[in-house]
Amino acid sequence: MSQPVVSPSVLSVPHAPGRVSRCAEARAVVLSNTPVNGEYRLLTLDAPAEVLDCAPGQFFQLLCPVPEGEHPFLRRPMSIYGYDAEAGQLQFLYKIAGAGTRGLATLRAGDTLNVLGPLGQGFSMPADWQNLMLVARGVGLATLAPLARAAQQQGRKLTAICSARSPELAMSVDLFRSYGAEVIVVHDEDGSSSVDALRELIEGHIALGQVDAFYTCGSSRLLRLLQDLGQTHGIPGEIAMEQQMACGLGMCQACVRPFREGNEVVHRRVCREGPVFPISEAIA
Ligand code: FES
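Residues numbered from 1 in each chain as written. Predicted model: local features only at pLDDT ≥ 70, side-chain atom pairs only at ≥ 80, totals over all residues. Heavy atoms only, no water.

## Quick word on helix α4 (residues 195–207)
Phase 1 of the analysis: In this model α4 runs 18 Å from its N-terminal to its C-terminal C-alpha over 13 residues, within 8% of the 18 Å that 1.5 Å per residue would give.
Phase 2 of the analysis: Three or more residues of α4 are buried, namely Leu 198, Ile 202, His 205 and Ile 206. Projected down its long axis, α4 carries its buried residues within an arc of 100 degrees, all on one side. Every exposed residue of α4 that faces more than 90 degrees away from the buried side is listed here: Asp 196, Glu 200 and Ala 207.
Phase 3 of the analysis: Looking at the buried positions of α4, the neighbouring elements they touch are β9 (131–137), β10 (157–164), β11 (182–187), β12 (213–217) and α5 (220–233).
Phase 4 of the analysis: Two residues or fewer after α4 comes Gly 209, characterised by a positive phi angle close to 75 degrees. (Helix = DSSP H or I, 4+ residues; strand = E, 2+ residues; numbered from the N terminus. Expected span 1.5 Å × (residues − 1). Buried < 20%, exposed > 50% of the residue type's maximum accessible area, 1.4 Å probe, protein only. Arc of directions from axis to C-beta. Contact = heavy atoms within 4.5 Å.)

## Let's talk about the layout of surface pockets
Phase 1 of the analysis: Of the volumes computed, that of the largest pocket is approximately 1,200 Å³.
Phase 2 of the analysis: The wall of the largest pocket is formed by 48 residues, among which Arg 76, Pro 77, Met 78, Ala 97 and Thr 101 lie closest to the centre.
Phase 3 of the analysis: Grouping the amino acids of the lining of the largest pocket by side-chain chemistry returns 26 nonpolar, 15 polar and seven charged. (1 Å grid on protein atoms, 1.4 Å probe; cavity = no way out; pocket = protein on both sides within 12 Å on 5 of 7 lines; lining within 4 Å. Points joined across faces, edges and corners; volume = space filled by probe spheres on them. Nonpolar A, V, L, I, M, F, W, Y, C, P; charged D, E, K, R; others polar.)

## Things to note about the pairing of β12
Phase 1 of the analysis: Most of β12 sits out of view: five of its five residues are buried.
Phase 2 of the analysis: Residues Ala 213, Tyr 215 and Cys 217 point to one face of β12 and Phe 214 and Thr 216 to the other, with burial holding for every one of them.
Phase 3 of the analysis: Looking at chain direction, β9 and β12 are connected through four bridges and run parallel. The partner of Val 135 across the bridge, within β12, is Thr 216.
Phase 4 of the analysis: Pairing geometry for β12 and strand β13 (residues 237–240), over four bridges, is parallel. By the bridge assignment for β13, Phe 214 is matched with Gly 237.
Phase 5 of the analysis: For the segment spanning β12, α5 and β13, crossover handedness is right-handed. (Pairing = 2+ DSSP bridges. Right-handed = clockwise from strand over helix to strand, strands pointing away.)

## Things to note about the confidence of the model for the protein chain
Phase 1 of the analysis: When pLDDT is averaged across the protein chain, the result is 90; 93% of the residues are at 70 or more.
Phase 2 of the analysis: Note that pLDDT drops below 50 for residues 1–20; the model gives that stretch 55 contacts with residues more than four away or on any other chain. (pLDDT = per-residue confidence, 0-100.)

## Some thoughts on the packing of aromatic side chains
Phase 1 of the analysis: Within this structure, the stated rule accounts for four aromatic pairs.
Phase 2 of the analysis: Geometrically, the ring pair formed by Phe 123 and Tyr 215 is edge-to-face, given 5.5 Å between the ring centres and 85 degrees between the ring planes. Of the two residues, Phe 123 sits in the loop between β8 (112–119) and β9 while Tyr 215 sits in strand β12, which places them 92 residues apart along the sequence. Of the two residues examined, Phe 123 and Tyr 215, each falls in the buried class.
Phase 3 of the analysis: With 4.1 Å between their ring centres and 35 degrees between their planes, Phe 259 and Phe 277 make a pair best called tilted. Here Phe 259 is found in strand β14 (residues 256–261), whereas its partner Phe 277 is found in strand β16 (residues 276–278), with 18 residues between them in sequence. (Phe/Tyr/Trp six-rings, centres within 6.5 Å; stacked < 30°, edge-to-face > 60°.)

## Concerning the nonpolar core
Phase 1 of the analysis: Formed by 35 residues in total, the largest nonpolar core has its most connected members in Leu 132, Leu 134, Leu 144, Phe 176 and Tyr 215.
Phase 2 of the analysis: Of all elements in the fold, only β3 (40–46), β9, α2 (140–153), β10, α3 (173–178) and β12 reach the threshold of two or more residues within this core.
Phase 3 of the analysis: Ranked by the residues each element gives to this core, the list is headed by α2, at eight residues.
Phase 4 of the analysis: Setting aside anything within four residues of it in sequence, one finds Leu 144 in contact with Phe 123, Leu 134, Val 135, Ala 136, Phe 176, Tyr 215, Thr 216 and Cys 217. (Core = buried A, V, L, I, M, F, W, Y, C linked by side-chain atoms within 4.5 Å.)

## Some thoughts on the environment of Arg 137
Phase 1 of the analysis: Tracing the sequence through the fold places Arg 137 in strand β9.
Phase 2 of the analysis: Looking at Arg 137, the relative accessible area reads 25%, which means it is partly exposed.
Phase 3 of the analysis: C-alpha of Arg 137 to C-alpha of Arg 149: the two residues are 12 residues apart in sequence and 18 Å apart in space.
Phase 4 of the analysis: Setting aside residues up to four positions removed in sequence, Arg 137 forms contacts with Ser 163, Ala 164, Arg 165, Asp 188, Ser 193, Arg 221 and Leu 222.

Rendered as structure tokens:
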């Protein structure tokens with residue numbers, strides 16, 4: 001598969017408060033690209049060190065192969081599922097949902113993929129957030145996977161609530177367990193994923209003093225629930241926002257969304273000021 005060959009070109013971008021790291025455009029080589037269940041696929045790349053100075057919550061812009069008869073002309077933003085600088089590997093978990101991801105699904109071992117990243121501001125983990133609760137659904141869980149790994153490395157206690165349409169579609173359950181998390185699967189078939197059921201479940205953990213902070217990704221329904229619980233119980237948290245993007249670099253303004261700042265509504269670029277924001281500031 002032919003891709004433009006790009007020697008790593010490096011930009012300096014701020015990517016976490018107080019920290020400046022490099023973002024590069026580079027050619028990665030596909031190690032595997034396989035289904036993990038009926039809906040999602042896992043892409044594992046052999047990637048150069050220039051693109052592996054990543055933080056949990058950051059994303060890449062992928063120059064996806066063009067499927068026959070389709071004409072996507074933008075890169076596809078995708079959150080990082082896994083990165084390992086020592087092994088030189090980068091992973092993305094995706095669902096085939098459009099031309100870009102249809103193109104990604106055509107990649108075979110040995111093909112190359114042009115990647116640009118890591119981009120954006122990742123999750124923070126202040127020292128007083130010792131008991132972390134991750135709540136997400138579907139591919140939103142993929143974005144939280146690197147955070148779970150970082151939490152384990154820092155000795156934080158982790159509870160992961162994995163929501164799905166059915167138990168067999170629950171993502172990353174074994175991975176979260178391997179990071180020492182207490183994993184709770186909730187799903188639509190038995191109603192355990194409903195807002196009311198989740199509220200009861202989470203309040204039970206709060207009552208036991210097991211939640212210092214929430215982390216979530218994507219879902220407006222979960223965002224509203226966690227905002228409500230956060231306000232009631234004084235629990236902070238962060239969300240990785242999902243948003244259509246064009247440049248991914250802060251230049252085109254295509255990803256601007258409104259946020260609350262005190263009593264004001266302000267506008268921020270999800271690709272540059274985010275994609276991670278305080279839960280209290282996000283507007284569903
Ligand atoms: Fe261009 Fe965010 S996608 S500014």
